[in-house]
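# Residue-level structure breakdown
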Amino acid sequence: MKLLNFRKSGNVHLGIKTDKGILDVRSAAESLNEEHIPTNIMDVICDGEETEKVLQTFVEDPRVAAFFSEEEGIEWAPAVTEPKKIICVGLNYKKHADETKSPYPKIPILFNKFENALSGHLNEVVVPRQTERLDHEVELGIVIGKTAKDVTEEEALDYVFGYCTTNDLSARDVQKHGVQWMTGKTFDGFAPVGPYLVTKDEIENPNNLRVTAKVNGKVHQDSNTSDMIFNC
């Protein structure tokens, strides 16, 4: 299932991408008085597979036919709206480490972004006045759906709800002012997420996904998660 969020009349609506178009789950559920239908992406993530089944049944309900629309013209919101944590792994691609002439990390280099950094597909990000070196990096976002503690590597993907495309925007000059990367990483809008949150059942192997980034139509990055130093 491909889930998304979009803004409508000042509110964030949950949507589902289908062959018929985008189903406006919130409008359909409210109009049909279906109070058991989840209309918030965070509820769907936290409730997991049972909620997915409810949404799949709702998509196939003939009563929702009037609530489909085309993607064009919608105002996208972040595919994940209220994450408890945004944890990022730095220097985790071998080719990237090689091009910066950096040794491969022995343990993951972690940094964080905050909720203010979230933005949606096609949203405008204002370049901060503090930087003259704005950079971008395509990333695979892994959305954890269950509380996890003392989890083995073999069990880790059982805790994943789904995956999304993300963009790690960085103010490189601010980032390099000190040893902590976070200051250059978490300006407003510096974590575009989406357009879709894809449930894990649609991804055969997250450790073999192509990730690309274009700027003004020109390919700037083209890699694969199989190049990760520390896998998903």
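As shown above, the structure is provided for reference.
The structure contained in this document is the topic of the report that follows. Values in this document were obtained by computation on a predicted structure and should not be read as measured data.

## Here we look at the overall build of the chain
If you tally the helices and strands in the chain, you get five helices and 15 strands. Relative to its length of 232 residues, the chain is compact, with a C-alpha radius of gyration of 19 Å against a globular reference of 17 Å. Seen through its C-alpha atoms, the chain measures out along the principal axes to roughly 60 × 45 × 30 Å. Relative to its full complement of 232 residues, the chain shows a buried share of 44%. The contacts of the chain with a sequence gap of at least 6 include a subset with a gap of at least 24, amounting to 66%. Counting only carbon and sulfur atoms, one obtains 49% of the accessible surface of the chain, whose full area is about 13800 Å². Each charge class in the chain can be summarised by its mean position, and for the 26 positive and 38 negative side chains these summaries are 6 Å apart.

## Notes on the state of the cysteines
In total, this model carries zero disulfides according to the counting rule given. There is no disulfide at Cys46, and the cysteine sulfur nearest it, in Cys164, is 15 Å away. Looking at Cys46, the relative accessible area reads 53%, which means it is exposed. Of all cysteine sulfurs, the one in Cys164 lies closest to Cys232, which takes part in no disulfide; the gap is 12 Å.

## Describing the packing of aromatic side chains
Scanning all chains against the criterion turns up three aromatic pairs. Judged by centre distance (5.9 Å) and plane angle (75°), the ring pair of Trp76 and Tyr196 falls under edge-to-face. With Trp76 in strand E5 (residues 75-77) and Tyr196 in strand E13 (residues 191-199), this residue pair connects regions lying 120 residues apart in the sequence. Given the relative accessible area of 5%, Trp76 is considered buried. Taking relative accessible area as the criterion, Tyr196 reaches 17% and is therefore assigned buried. Ring geometry for Phe111 and Trp181: centres 5.7 Å apart, planes at 50°, overall tilted. Of this pair, Phe111 sits in strand E7 (residues 109-113) while Trp181 sits in the loop between helix H5 (172-175) and E13; the two residues are 70 residues apart in sequence, bridging distant segments of the chain. Classification of Trp181 by relative accessible area gives partly exposed; the value is 26%. Positioned above the aromatic ring of Tyr159, the side-chain terminus of Lys146 is 5.1 Å from the ring centre.

## So, the nonpolar core
In terms of nonpolar packing, the biggest core is built from 37 residues, with Leu3, Leu23, Val25, Ile45, Leu55, Phe58 and Leu197 touching the most fellow members. Listing elements by their share of this core, those giving two or more residues are strand E2 (11-18), helix H1 (25-31), helix H2 (41-47), helix H3 (49-59), strand E6 (86-90), strand E11 (160-167) and E13. It is H2 that contributes the most residues to this core, four residues altogether. Excluding residues that lie within four positions of it along the chain, Phe58 makes contacts with Leu23, Val25, Ala28, Ala29, Leu32, Glu34, Ile37 and Val64. The next biggest cluster of nonpolar side chains, apart from the first, holds seven residues, and it includes Leu4, Ile22, Ile74 and Val198.

## Quick look at H3
What H3 keeps buried is the set Thr51, Glu52, Leu55, Phe58 and Val59. Considered in projection along H3, the buried side chains sweep an arc of 120° and stay on one side of the axis. Among the exposed residues of H3, those oriented more than 90 degrees off its buried face are Glu49, Glu50, Lys53 and Thr57.

## Digging into unusual backbone geometry
Residues Gly194 and Pro195 are joined by a peptide bond in cis, for which omega reads 10°. Considering the arrangement of structural elements, one finds Pro195 in strand E13. Phi at Asn33 is positive, roughly 55°, even though this residue is not glycine. Among the secondary structure elements, Asn33 is positioned in the loop between H1 and H2.

## Thoughts on a nonpolar patch on the surface
Residues Ile87, Val89 and Leu110 make up a contiguous nonpolar surface patch of about 290 Å² in total accessible area. Mapped onto the fold, Val89 is located in strand E6.

## Quick look at the pairing of E6
Covered by surrounding structure in E6 are Ile86, Cys88 and Gly90 only, the residues Ile87 and Val89 on the alternate face being uncovered. Across five bridges, E6 lies against E7 in antiparallel orientation. Residue pairing for E7: Ile86 is matched across the bridge by Lys113.

Reading guide: rules and limits
- Note on numbering: residues in each chain are counted from 1, in written sequence order.
- Where totals are concerned, whole chains, interfaces and linings use all residues; where local detail is concerned, this predicted model gives features only for residues with pLDDT of at least 70, and gives and counts side-chain atom pairs only at 80 or more.
- With hydrogens and water excluded, all non-hydrogen atoms of the structure serve as input to the side-chain values.
- Under the scheme used here, helices are H or I runs from DSSP no shorter than 4 residues and strands are E runs no shorter than 2 residues, and both carry numbers assigned from the N terminus.
- In this setup the radius of gyration rests on C-alpha atoms only. A globule is expected at 2.2 Å times the number of residues raised to 0.38.
- Note on exposure labels: buried denotes an accessible area under 20% of the residue type's maximum, exposed denotes more than 50%, and partly exposed covers the range between, all computed with a 1.4 Å probe on protein chains only.
- Residue contacts follow a heavy-atom distance rule, with two residues in contact if any of their heavy atoms lie within 4.5 Å.
- The Shrake-Rupley method, run with a 1.4 Å probe sphere, supplies the accessible areas, and residue values consider only the shown protein chains as cover.
- When charges are counted, Lys and Arg are positive and Asp and Glu negative, with His and the chain ends excluded.
- Note that the charge is assigned to NZ on lysines, CZ on arginines, CG on aspartates and CD on glutamates.
- Disulfides are defined in this document as cysteine sulfur pairs within 2.5 Å.
- Stacked, edge-to-face and tilted are the three classes for Phe, Tyr and Trp ring pairs, Trp counted by its six-membered ring, which pair at centre distances within 6.5 Å; planes under 30 degrees apart are stacked, over 60 edge-to-face, the rest tilted.
- Here, a charge over a ring means that NZ of Lys or CZ of Arg falls within 6 Å of the ring centre while also lying within 35 degrees of the ring normal.
- Throughout this description, the term nonpolar core refers to a set of buried Ala, Val, Leu, Ile, Met, Phe, Trp, Tyr and Cys residues connected via side-chain atoms within 4.5 Å.
- The arc in question is formed by the directions pointing from the helix axis toward the C-beta atoms.
- Patch definition: residues above 30% relative accessible area lacking any salt bridge, with like charges linked at up to 9 Å and the nonpolar side chains Val, Leu, Ile, Met, Phe, Trp and Tyr linked at up to 5 Å.
- Criterion for a salt bridge: a side-chain nitrogen of Lys or Arg within 4 Å of a carboxyl oxygen of Asp or Glu.
- Should DSSP find at least two bridges between two strands, the strands are taken to pair.

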